[in-house]
Amino acid sequence: MEAFSKKDIIHIAASDFHTAFLTSEGEIYTTGSNESGQLGTNLAENSFFPEPVAALDTQIIIHVDCGQGHTVAVTDAGALASWGAAEFGQLGQREAVDVLTVAHPRILKGSRELHFVRVACGSSHTLALTGSGSVYSFGQGVFGALGHGNTESCSTPVLIDGLWGFGVVQIACGENHSLALSVDGQVFSWGWGKYGQLGHGSSNNEHNPLQVKALADQMIIQIVGGGDHTLALNNEKQVLAWGRGHWGQTGLGTLSDVHTPTQVHLPEGELVIQASAGVRHSVVFTESGKIFGWGDGEQGQLGRSAREKVQVSPFLISDANMNGLTASYIVAGGEHTFIVFQPCIKSSQDSMISEERLFSIQNGDLHGDGLRHVRVPELPSMLEGTGDNTKRLHSIGHAIEDIFSSIRFIVIAFKHQPSFWLNHMDTSNSSRKEYSDFGDHGLDVKSIRNVYQRILELRNPEILKKLGDSLIRLFMSIEKHMQNVPHSRWIRALLIGLQCPFVGEKGIGDMVSTRIFSVFSKLTFLDGRKITFWLSTYPRDIFGGRFVRGVLRYLSNRKEFTRSGSIPHDVAAALKTLWYLYEANKMEPHLLYSEFYSKEISESVDLLEEYLKWSHAKYDKDLNTLVSFCQVPFILSPQAKSKILQVEAEMIKNQVVQASILQHLSGNLFAFPFLVLRVRRDHLIQDTLVQLNVERIDYLKPLKVIFEGEEGIDQGGVTKEFFQLLCRELFNVDYGMFTYEEETRNFWFNPNSMESEETFELVGIILGLGIYNNVILDVHLPLVVYKKVLNIKPLLHDLNDLQPQLGKSLQQLLDYEGDVEETFSLTFQITYDYFGEMKTYDLQPGGGNVPVTNENREKYTELYVKYLLEDSIKDQFQSFNKGFQQVCGHHALQLFHYEELELLICGLPHFDFDALEKVTVYQGGYTKDTGVVKWFWELVKDMPLEEKKALLFFTTGNDRAPVGGLGCLPFIIQRNGGETDRI
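Residues numbered from 1 in each chain as written. Predicted model: local features only at pLDDT ≥ 70, side-chain atom pairs only at ≥ 80, totals over all residues. Heavy atoms only, no water.

Quick notes on the overall build of the protein chain
Right, so step 1: Scanning the protein chain for helices and strands turns up 27 helices and 34 strands.
Right, so step 2: For the protein chain, the spread of C-alpha atoms along the principal axes amounts to about 125 × 75 × 60 Å.
Right, so step 3: Put simply, the protein chain has 983 residues, and 54% of those count as buried.
Right, so step 4: Residue pairs in contact within the protein chain that sit at least 24 positions apart in sequence constitute 62% of those at least 6 positions apart.
Right, so step 5: Only carbon and sulfur atoms are counted for the fraction: they give 50% of the accessible area of the protein chain, which is about 44,600 Å².
Right, so step 6: Put simply, the protein chain has 85 plus and 118 minus side-chain charges, and the middle of one group is 3 Å from the middle of the other. (Helix = DSSP H or I, 4+ residues; strand = E, 2+ residues; numbered from the N terminus. Buried < 20%, exposed > 50% of the residue type's maximum accessible area, 1.4 Å probe, protein only. Contact = heavy atoms within 4.5 Å. Areas by Shrake-Rupley, 256 points an atom, 1.4 Å probe, with all protein chains shown as cover. Lys, Arg positive; Asp, Glu negative; His and termini not counted. Charge placed at Lys NZ, Arg CZ, Asp CG, Glu CD.)

Details of the nonpolar core
Right, so step 1: Residues F404 and W490 are the most contacted members of the largest nonpolar core, which totals 180 residues.
Right, so step 2: For W490, the residues in contact, after removing those within four places along its chain, are W164, I407, I478, M482, V485, V519, L523 and D527.
Right, so step 3: Residues L916, F936, L952 and F971 belong to the second largest nonpolar core, which totals 16 residues. (Core = buried A, V, L, I, M, F, W, Y, C linked by side-chain atoms within 4.5 Å.)

Thoughts on the UniProt feature "repeat: RCC" (unreviewed entry) in the protein chain
Right, so step 1: Cross-referencing UniProt, the feature "repeat: RCC" (unreviewed entry) maps to residues 26-77, 78-132, 133-184, 185-236, 237-288 and 289-343 in the present numbering.
Right, so step 2: Secondary structure across residues 78-132 divides into 7% helix and 45% strand, with the first and last C-alpha atoms of the span separated by 11 Å.
Right, so step 3: Here residues 185-236 runs as 0% helix and 44% strand, with 12 Å between its end C-alpha atoms. (UniProt positions renumbered as here; feature names shortened; annotations may be inferred.)

Let's talk about the sheet that holds strand β1 (residues 9-14)
Right, so step 1: Sheet architecture is open: four strands sit in the order β1-β2-β3-β4, paired in antiparallel fashion. Sheet topology places β1 and β4 (47-52) at the edges, where each strand pairs with a single neighbour. Geometrically, the sheet is characterised by an average inter-axis angle of 15 degrees between neighbouring strands, direction not taken into account.
Right, so step 2: Here strand β3 (residues 28-32) pairs with β4 via three bridges, running antiparallel. When the bridges of β4 are listed, G32 appears paired with S47. (Pairing = 2+ DSSP bridges. Axes fitted to C-alpha atoms, helices over the stretch in contact; angles between N-to-C directions.)

Focus on the packing of helix α4 (residues 390-404) against helix α7 (residues 461-481)
Right, so step 1: Between α4 and α7, the shortest axis-to-axis distance is 8 Å and the interhelical angle comes to 15 degrees. Classified by the angle between their axes, α4 and α7 sit roughly parallel to one another. The two elements α4 and α7 meet at a crossing, and its hand is right-handed. Here L393, I396, G397, I400, E401 and F404 of α4 lie close against α7, whose contacting residues are I463, K466, L467, S470, L471, R473 and L474.
Right, so step 2: Looking at the contact of α4 with α7 residue by residue, the classes come out as eight nonpolar, two polar and three charged. (Parallel < 35°, antiparallel > 145°, perpendicular 65-115°, else oblique. Left-handed = near helix turned anticlockwise from the far one by under 90°. Nonpolar A, V, L, I, M, F, W, Y, C, P; charged D, E, K, R; others polar.)

Some thoughts on helix α23 (residues 874-888)
Right, so step 1: Under the 1.5 Å per step criterion, the end-to-end length of α23 is 20 Å for 15 residues, consistent within 8% with the ideal 21 Å.
Right, so step 2: Those residues of α23 that fall on the buried side of the exposure criterion are Q876, F877, S879, F880, N881, G883, F884, V887 and C888.
Right, so step 3: Elements in contact with the buried residues of α23: β30 (746-749), α18 (757-772), α19 (783-789) and α24 (898-906). (Expected span 1.5 Å × (residues − 1).)

With respect to the sheet that holds strand β8 (residues 101-107)
Right, so step 1: Read from one edge to the other, the open sheet built from four strands follows the order β5-β6-β7-β8, with strand pairing classed as antiparallel. Because the sheet does not close on itself, it has two edges, and the strands there are β5 (61-66) and β8. Across the sheet, the mean angle from the axis of one strand to that of its neighbour is 10 degrees, orientation sign disregarded.
Right, so step 2: Strand direction decides the pairing type here: strand β6 (residues 70-75) and strand β7 (residues 80-85), joined by five bridges, are antiparallel. By the bridge assignment, V72 is partnered in β7 with S82.

Some words on the packing of aromatic side chains
Right, so step 1: One pass over the structure, following the stated rule, counts 37 aromatic pairs.
Right, so step 2: Here F4 and Y29 contribute two aromatic rings whose centre-to-centre distance is 5.4 Å and whose plane-to-plane angle is 85 degrees, an arrangement assigned as edge-to-face. Of the two residues, F4 sits in the segment before β1 while Y29 sits in strand β3, which places them 25 residues apart along the sequence. Here F4 matches Y29 in class, with each residue buried.
Right, so step 3: Aromatic pair F166 and F188: ring centres 4.6 Å apart, planes at 45 degrees, arrangement tilted. Taken as a pair, F166 in the loop between β12 (154-159) and β13 (168-173) and F188 in strand β15 (residues 187-191) lie far apart in primary sequence, 22 residues in all. For the pair F166 and F188, a shared accessibility class is recorded, and that class is buried.
Right, so step 4: Ring pairs connect the aromatic residues F731, F738, Y740, F747, W748, F749, F760, F877 and F880, which therefore count as one cluster.
Right, so step 5: Sitting over the face of the ring of Y195, R244 holds its NZ or CZ atom 4.2 Å from the ring centroid. (Phe/Tyr/Trp six-rings, centres within 6.5 Å; stacked < 30°, edge-to-face > 60°. Lys NZ or Arg CZ within 6 Å of the ring centre and 35° of its normal.)

See the structure below:
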C-alpha cells in the first residue's frame, strides 16, 4: 500500500466494509464504506484510499477496532473515542441515544477515569477492556452479547459483573457473540450460540460470561472472534477452532458446525504465533514466518494460491519471505486480509519513523500487539530504574493504577512463581492453581514490601495518590462483589493491601485503611479462618510493625470511639481486623499480648457503660455484632480491665448490701450489709474456714476483718494484714498444701496433700476475695494456674514455670534426631515420690511395657505434661477453682489474659516511684516543696530494690505494685503529730 510507504503501521482493524490503520505515532487512517460515518473523516462518501481521522489529531491513539458500521479507538490517556452507526448505542455516547449516526469522533465522557487499553467491536456492540482487567460493554444486547444477564441494549459503558475478579487481558467479538481471555489463560464466551461459536457444547445463547470448560486444562494466549466462529491459540502454539463451518472457516476438514474447541492440524512442525479471522475465513501466522489460511476464498481473501473457493483445511498462503520482506503480523477483515511486513530499515533518511519508535520496532515491541493479550506491567522491574523523568513516572503511574486496582493483577504481580503474563514464557499449568490447595497464601511478601518501599522512595505526590486511589477502588469493588463470587478471586488482595505502608496513616492512608478494614469486617467464618492462618505465617516485622501497629495507629487517629451509644462502623471494622490478627498471634506468637492494647480506647471510653452494654447484650462470638469494647478485651489495658472488674464488684456489692438492708428492715436481725470475719491470730486458717463455709452468700458483701481481742476499725489496713498473714500460713510448705520449687520460686499444689477439699477451696476463695476487695496478695503461683482458671489447656512450655529442667528434657526428647528408644530407654510409666517412697504411674494402660519411640514420643510428652499439670492435682485444683469461681466467676473475669490475671492478684513486680510521687497527696501542712518531703523522695529513689519493696510492703501490705503501676496507689504523706516535722 503506497499510502503507507513512509508510515509504520502497528495495528489494523478490519470489519466487513471498512478498515482502520494505526501508526506508531498514534494516528488513525480509515478507508472503505462511510455509509454510517464510520470513517470519521471529513468526506461524506466512501473512500478508496486511507485518509487520516483529522478530528483525533490532538490525541495519541493506542488501539482501534471496527464494527459493521462503527469504529471505536483508545487514547494513550485511557479514554474512548467513537464514531459511526449509533442506532443501538454501540458508540457508548449518552448524548447520541436518539441519533442514528455520528460522523465525527467524540471522546466518551468519564471513560478516561476508567483507563481503557483495548476495544473490540461486534456487528453492533462493543467491548472495552481497562488496564486493571475489567470489561465494559455497550450497544445491541440481542442474544445477550453484552453479558449483562439480559438481551437489552445499553448506550453507555457498563461493567460486566460476571467477569469481575478474573483479570481479563484480551477481548474479542464475533458478529453477535463476545469473548474474554483471563490472565490465567481461561476463555469466557457469551452471546449468540446458534452455530456452537461459544464452545460450550451446545447451540444455546448465553446472557452471562461462561467459562469454556473444554479449555480449562489449557493455557490460552490469544482469542479471535470470526463472524460466527471462534479461534484460540494456546501456549503450545496450537490453534483450536469451533463454531460455524458452512464455509470451512473452522479449518477442521468439515463444513459442519463444531460446538466444542477442536485442534486445527497444520503441517508438522508449524507452530502458530498469531491468528486472525474474518466473517467466513481464518488465517494464522507461524513461527517459521509462513501464513496459512482456510474458509471462504471466493473474494480472494485467501490469496491467489487458493485452489478452491472453499478451503476446509489449512493451506499455505505465503512462505517465510515474500519479495524479500518478512511478515510481522496478519489481519483478517470481513472478506479481505492484510499482511503487515517488517519495515526495510536500510536508511532512515527517507523514513518518517522516529528514532525512539525505530528502536521499538527493531525489538518487536509494537507490531501486532493490539491483536494479542495485554501484559501485566512488571512493576518491580520498572521501579528498579533510576531518574524521575516524566515518561518513566507516567509509565509507573499507569502500572500502579492497573495493578493495584485489579483484583487479579495484584495477586499475579506478587505471586511466588513467575507468571507467563509478566513477559515470562512459563508454560506450566501449576501456575494457575489456587495456592489454597497447599494451605499457603502463595504471595512473595518480600517483593510486596520492596515494591511499596520503592514507590515511597519516588517521593512523588501524584504517584502516591494513584496508589492510594487505586487501593480504594480495589477494596470498594471487593466489598461490592465479595458475597457473590468465590473468595479465591479476592481474598489474597487483603493481605497485599494490609501490607501497604499507608495503613494507619492520616490523609489518603485513612481512606485506604477504612476500605480494607470494611472488607475484613464482612468476612465469613470460613474466610476468616483462612485469612487468620495466612496472617500467622507472616514474619514478625511485618506482622507487628506493619499489620498490628497499622491498625492501632488507625484507631488512635479516630476522633470518637462511640457515637450515640454505639461503636462507629469504621472503629468496629478496624477492631474486627485486629481480632483476626490477635487470633493469628495465638496460632504463631509474634508479639506479646500487651502489644495489642489501645491506650486511646482504654483511657477514653466510659468503662461502666461498656460493661453494662456487654453484660446485657446478646452477641455472637464471631463479632458479627460489636456492641461493646469488652467483646474485644485484648485492646483494653490491665488497668482498664481492673476498673471494669471493680465496677462489677461494686455493682454486686451494692445489690447485696441493699438486699441485706431490706432483709434487716423486714425483721431479719442477722442480715448485715458487710462480710465480717472475726478471727484469732493463732487460729487464722481454722477460724476463716469455719466462717466462710457457713456464710457462703456473704462472699459478695464488702469485707471487714476483726482480730479477736484487738481494738480498731477496719479502714482497709486490717483487711490487708489479714490477707498477708493468711496467705503466709496457707502457702507454708510445713502445712502440706503446697510444695515450693526452689528453681522457679513458685508454689505448686501438693499432689500428696492430706488436707481437705474445703481447705483448698478456701485458698481459691481467698484469691477471689483479694481481687473482689482490690487487695494485692503475696502469692507466687506459676502462670499455668491462671491458665487453668481461665479454662486454657496447659502445654509443654507451661512446665518451664514449674520444673524447667524437666521441661527442657522433654523438649530435647522431641527434638532428638537419633533413635529415641535406644538412647533414652523410656516407657510410658513414670515414677514419683510419695512421702519418701518411690511409686510408679502408667501414663496409659500397660505403660510399663510400652517403649517410647520416635513415632510415639509426642504422645508420651503430652501425657506426661497432662499428668503433672492436670491429673496428679485434679482434686486439689478443682476445689481451689471452685472457691475462686464462687467469688469471681462473673462476666469481668472473662476479659483477662492469664498473665493479666496474675498481675491483678499479685501486682506488678517493678516500681515507678516517679509515678507515685506525682499522685501523692500531702496533708498537715506538707507540700511537694517542703524540705523533708524532698529529702524523703530523694532517699526513696536512691534505695536498692529490696528496700523499695520493704517500704512498699510497710505502707501497703504488699511488695508489688497494683495493676496500672504505682501511679494508681492512693498515697498520703502527713505530719506525725501537730508540732513535729516527722513524716
